[in-house]
Structures are given as C-alpha cells and as structure tokens.
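# Descriptive structure summary
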Amino acid sequence: MFPVLLTDTVSTDLDRALHYALLWGHEGLVLRTMGRHGERIPYVNEAKLRRRLDAHEMPLVAVVPGLFEGTASDRAQGFTDLGELTEVAAFCQRFGCGIALVGALADDPDADLAAGAALLRRAGDVAQRHLLVLAVSNAAGTACASGRSLAKLLDAVGHPHVRAAWNPVAALRGGGLAADALEADALTADALAADALTADVGALAGHVAFVTVRDGRGGAEAWSESAPGEGG
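Residues numbered from 1 in each chain as written. Predicted model: local features only at pLDDT ≥ 70, side-chain atom pairs only at ≥ 80, totals over all residues. Heavy atoms only, no water.

## Looking at the packing of helix α1 (residues 14-23) against helix α2 (residues 46-56)
Two measures define how a pair of helices packs: the angle their axes make with one another and the distance between the axes. Look at α1 against α2: their axes get within 11 Å of each other, and the N-to-C directions meet at 25°. One way to sum up the angle between α1 and α2 is to call them roughly parallel. The chirality of how α1 crosses α2 is right-handed. Contacts from L14, D15, L18 and L22 of α1 reach α2 at K48, L49, R52 and H56. Of the residues belonging to the contact of α1 with α2, the class tally is four nonpolar, one polar and three charged. (Axes fitted to C-alpha atoms, helices over the stretch in contact; angles between N-to-C directions. Helix = DSSP H or I, 4+ residues; strand = E, 2+ residues; numbered from the N terminus. Parallel < 35°, antiparallel > 145°, perpendicular 65-115°, else oblique. Left-handed = near helix turned anticlockwise from the far one by under 90°. Contact = heavy atoms within 4.5 Å. Nonpolar A, V, L, I, M, F, W, Y, C, P; charged D, E, K, R; others polar.)

See the structure below:
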C-alpha cells in the first residue's frame, strides 16, 4: 500500500494539486474533478492530463466518477450508471488506472441486499472486461455505513473485480459507533473506536483495495477535522 492524493481536496487545478502531491510525498493521484469548470471523470482534458502525469512521472491510481450512488430499486439509474461505467473503464484503461471508487448505493428500505448485489455484480462484469477494480465506498446515508455492512454487501456480490474502499472515519461516524460514544472522554472514545475498527478489519479481510485516510475528533454533530496523525 502507498499514499495517493485525491486532487480536488486540495485544488481542482491539476498543476497545483500535483505540486502538493510531490511536496507531501504522495506516490500517485486519485482524480474526481479537474479544471475551472469542475469537469468530472471521464469528461476531462485527457491530453493535458497525460502531459502533466508524464512530466511528473506520477501515476493515476484511481478515479471517482460518482457512480452507483442512487437506490438499487431505481432500475433506470442503475442502467445509466452501467452505461457510464463503460466510458469510465475505457478512460482508466487508456491511463493505466486500475481502480474506480464507486458508491455503495443509497440507503433504501424498499431495496433488499440481493438487488444491490445484483447491480454491482453486473458492474463487476463491465470492470473485468477492462481489467478494472471497482472499490465500493462505505459512507453515512448509504446502504453500507460501516465496514461490516460493506463486507456483507461484497460477500453477496461475490465478484473478484468488486472490492472495498474502506473509510474508517465514515464507518465510525456513520454506523460503527453511536454519536454519544464518540463524544465520551477521549480514552473511552478511542478504546471504543479501536474495537469498532478492529471489527471492520476482520469483516473486510480479503476485500480491501483502497483505504480513505482522514483524521479528527468528535461525534457526528461536532466533528473537528485535522491533519492525518494529529487527531483521534
């Protein structure tokens, strides 16, 4: 595993993002948007992107195209995302990029686990044809808030090209711990968080292709962001 930078967390200007990626010792980029008008992958200036990456010898490791964030019961949106995935996968193949970060589908009481798994399994077939891995992200408000719920979905999908993009902070804030536990005294909160994350790691064993690093302290309603290594 090696550190990569999601560029638009710093700037949508590619040159500026590359400057900081090199300054901070990152070994690759993750791209979601770039350019003054916020062009989103895969609809970006490919010629400029290729020139900049080649000039800095910086690989494009992953992309965030904004797919599979709707509900599993919305069949029209599902087919739209599958069609869009074909374009994303072709883009990734042109740039030698092996990972696309996608959503775990929206939280929907009317959709069962099987429906979401079937959609992501079809997406895995598209990804496999382009030698791409889909890394599904857990997040609050989705069908998979914690790593454990994400693991259940991936077990149901059962596809080698559909894996996990684990976000530990999102897991704690969205489903791994109750808000009052995170707002307990620091030692108690840290111990509870460690237990929850250990459970996530155990459930996700063998699934993880990407880990999103954030740091901070506080509960869901009073979260304070900090630089990695300076929070809880």
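## Examining the environment of R217
Inspection of the secondary structure puts R217 in strand β10 (residues 215-217). Note: C-alpha distance between R217 and G232 (15 residues apart in sequence) is 5.4 Å.

## Quick look at the pattern of salt bridges
A full pass over the atoms with the stated rule returns five salt bridges. The salt bridge partner of R94 is E46, with a shortest N-O separation of 2.6 Å. Placement of the pair is R94 in helix α3 (residues 75-95) and E46 in helix α2, with a sequence separation of 48 residues. With a shortest N-O distance of 2.8 Å, R214 and E225 are connected by a salt bridge. You can see R214 sitting in the loop between β9 (208-211) and β10 and its partner E225 sitting in strand β11 (residues 224-226), a full eleven residues away along the chain. Given a relative accessible area of 34%, R214 falls into the partly exposed group. Overall, the relative accessible area of 43% leaves E225 in the partly exposed class. (Salt bridge = Lys/Arg side-chain N within 4 Å of Asp/Glu carboxyl O. Buried < 20%, exposed > 50% of the residue type's maximum accessible area, 1.4 Å probe, protein only.)

## Details of α1
Listed as buried for α1 are L14, A17, L18 and A21. Along the axis of α1, the buried positions cluster into a sector of 100°, meaning they face one direction only. For α1, the capping residue at the N-terminal end is D13, with a side-chain oxygen 3.3 Å from the backbone nitrogen of D15. Among the residues trailing α1, G25 stands out with phi positive, at a value near 80°. (Arc of directions from axis to C-beta. Polar contact = N/O pair within 3.5 Å; in protein donor to acceptor, adjacent residues only side chain to side chain.)

## Some thoughts on unusual backbone geometry
In this structure, the amide linkage connecting I41 to the following residue, P42, adopts the cis form with an omega of 5°. One can find P42 in the loop between β4 (39-40) and α2. Phi is positive for F68, close to 60°, though the residue is something other than glycine. Assignment of secondary structure puts F68 in the loop between β5 (60-63) and α3.

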